[in-house]
Amino acid sequence: MTTLPPSPSPSHSQTTCASLLQELQVIWDEIGESDVERDRMLLELEQECLDIYRRKVEMTRKSKADLHHSLAQFESEITKIVTALGEHSFSFSRRKGTLKQQISYIRPVLEELRSKKKQRVKEFTETQSQIAQICAEIAGNGQSMLPSDPQVDEHDLTVEKLGELKSHLQELQNEKIIRLQKVHSHISMIHELSVVMSFDFFKTVSSIHSSLGDPANGQSKSINNDTLAKLTGVVNSLQQEKQRRLQKLQCLGNTLIELWDLLDTPPDERKRFEHVTSLISSSVNDVFRQGSLGLDIIEQVEVEVQSLNVLKASKMRELVFKRQNELEEIYRGVHIDVNSDAARQILINLIDSDNVDLSNRLSSMDDQIAKAKQEALSRKDILDKVDKWKHASEEEKWLDDYEKDENRYSAGRGVHKSLKRAEKARSLDSVLTMLEEYTVLRQAREDEKRRSREQKRQQEQFAAEQEALFGSRPKKPLGQANAMVGTPTGRRISTPAGKHGVSTLKERRETSRVNNAIPLNFVALPKEDPMSQGN
């Protein structure tokens, strides 16, 4: 606090003035000034002294007013800062004393509040700057649209307001983290796809946004909506491309296997494309091997398929006839007659005409072979029975010739073998005879059942007609009904071991020869049209 210099005491001032007046009188006496002039000069001195005192008083009054004004400003500023900071618990009252004492008391309080306000403004500025930065990143404006110094409302610097801003900042930071995670996830997926499909990763991501390519440039990665949308689009496009390439390689791999099987390609040559055929059963999410879906791999496989197709075309004639031979062998095995010459001539004409796709022809022949094998399997039981019957017939004929031989019991080489064969032939002939008689009896039963069903149907039809004519069904005697039905349940048909007995083996053999050696249960096999078999 500045203090005024002490005022001179009245006695000292008066002594000084009197001394100065005496000195002035002496000077005037020496000069010879008149009394009028002396009175005028004294009056001027008195007036000048009054002016000086008046100015001093005015200055002192103004200084007092300034002190009052400063004190009022200090108090007003304190009130505003306290209100802006929301320091409701702060209390301040003016102390008694001089103006300078009051100012000396209030000034430290004001300085402390000013420092607190400055710190609060700094916090607001930093928070708002970060909010603006993140908002700009999300909006895609970048650094160019950021304000150099965000405006802070110094009338509202409360802790509540700062808390709201920091809460908003936290939400934006969380949003930024989520967006960065999405960006990193998309970039990672693009990198994985680039490894599998062999394309330039940095070129791809840099084309989306320059900040995504080179991490050494120090630029933060773009997280705006446009970048995220482009990343999502690129990832979806690349995944579709991966699916398309995998399907293409799977198709080429199946074609390779078909051509290899068709051309009997050795395993050593097939191993060169094992990395392709291994993808046939793979799903798109299982393919991670580096370069496995690269365009160079697809081109290599396409070239190999073209080469094999050329080789296949040169061997197609041979393969077609090979399939035809296989088909004919299957038909011969099931005793189906095939006109081989006609079928081969048809194939030759088709091949020479160049109007038929030989691949489709081979596929059709494969289907025919599969059907023929299935047909052969279905006829296996019948053919086994036919073979057994043929064998039995041959043995029967041999036995007949053997029994006609008068020297059959003569000693010689192989006699014991002939005796054993004759013994087996007799037992086989007996079984064959019983089978024939059983077949006859079974056929008789079937005929009897068929006649019974026909009679029953006729009776029901007659009864229905009678009912339609007369309105009631006529009643039949029980005995008459049983007689008309003729069910075989009331009869017994003798088996080969029944009342008629078993005929002699000689008679059965004669009967067999009369019937041209064909058993009753033999099923005639129709001949297949060679033209249809060839197709």
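The rules we used
- Residues numbered from 1 in each chain as written.
- Predicted model: local features only at pLDDT ≥ 70, side-chain atom pairs only at ≥ 80, totals over all residues.
- Heavy atoms only, no water.
- pLDDT = per-residue confidence, 0-100.
- Contact = heavy atoms within 4.5 Å.
- Helix = DSSP H or I, 4+ residues; strand = E, 2+ residues; numbered from the N terminus.
- Buried < 20%, exposed > 50% of the residue type's maximum accessible area, 1.4 Å probe, protein only.
- Axes fitted to C-alpha atoms, helices over the stretch in contact; angles between N-to-C directions.
- Parallel < 35°, antiparallel > 145°, perpendicular 65-115°, else oblique.
- Left-handed = near helix turned anticlockwise from the far one by under 90°.
- Expected span 1.5 Å × (residues − 1).
- Polar contact = N/O pair within 3.5 Å; in protein donor to acceptor, adjacent residues only side chain to side chain.
- Core = buried A, V, L, I, M, F, W, Y, C linked by side-chain atoms within 4.5 Å.

1. Points about the confidence of the model for the chain
Now for step 1: For the chain, the mean per-residue pLDDT works out to 77, and 75% of the residues sit at or above 70.
Now for step 2: Scored below 50 in pLDDT, residues 1–8 shows 6 contacts in the model against residues more than four places distant or in partner chains.
Now for step 3: Across residues 474–535, where pLDDT falls below 50, the model places 77 contacts with residues more than four positions away in sequence or in other chains.

2. Side note on unusual backbone geometry
Now for step 1: Although it is not a glycine, Ser-198 adopts a positive phi angle of roughly 60°.
Now for step 2: The topology assignment puts Ser-198 in the loop between α4 (159–197) and α5 (201–208).
Now for step 3: Overall, Ser-198 belongs to the partly exposed group, its relative accessible area being 46%.
Now for step 4: A positive phi angle is found at Asp-264, which is not glycine, with a value near 55°.
Now for step 5: Within the secondary structure, Asp-264 sits in the loop between α6 (225–263) and α7 (267–270).
Now for step 6: A relative accessible area of 54% means that Asp-264 is categorised as exposed.

3. Details of the packing of helix α9 (residues 295–333) against helix α11 (residues 358–378)
Now for step 1: Remark: α9 packs on α11, axes separated minimally by 10 Å, with the N-to-C direction vectors making an angle of 15°. Compared by their axis directions, α9 and α11 come out roughly parallel. Every pair of crossing elements has a handedness; the one defined by α9 and α11 is left-handed. Contacts from Lys-312, Met-316, Leu-319, Val-320, Arg-323, Gln-324, Glu-326, Leu-327, Ile-330 and Tyr-331 in α9 reach Leu-358, Ser-359, Leu-362, Met-365, Asp-366, Gln-368, Ile-369, Ala-372, Lys-373 and Ala-376 in α11.

4. Thoughts on helix α2 (residues 35–85)
Now for step 1: With 51 residues, α2 extends 75 Å between its outermost C-alpha atoms, agreeing within 8% with the 75 Å of an ideal straight helix rising 1.5 Å per residue.
Now for step 2: Where α2 is concerned, the buried positions are Arg-38, Leu-71, Phe-74, Glu-75, Ile-78, Ile-81, Val-82, Ala-84 and Leu-85.
Now for step 3: Just downstream of α2 lies Gly-86, where phi reads positive at about 70°.

5. Considerations on α6
Now for step 1: Its 39 residues place the ends of α6 56 Å apart at the C-alpha level, agreeing with the 57 Å of an ideal helix rising 1.5 Å per residue.
Now for step 2: Among the residues of α6, the N-terminal cap falls to Asn-224, whose side-chain oxygen and the backbone nitrogen of Asp-226 are separated by 3.0 Å.
Now for step 3: Two residues or fewer past α6, Asp-264 is found with a positive phi of approximately 55°.

6. Quick notes on the nonpolar core
Now for step 1: Among the nonpolar cores identified, the biggest contains 65 residues, and Ile-190, Leu-249, Leu-293 and Val-301 are the most heavily contacted of them.
Now for step 2: Counting residues per element, the ones that place at least two in this core are α2, α3 (99–139), α4, α5, α6, α9, α10 (340–353) and α11.
Now for step 3: If sequence neighbours within four positions are ignored, Leu-293 has contacts with Val-196, Met-197, Lys-242, Arg-245, Leu-246, Leu-249, Leu-279, Val-287 and Ile-298.
Now for step 4: Residues Ile-330, Ile-336, Ile-369 and Ala-376 belong to the second largest nonpolar core, which totals 9 residues.

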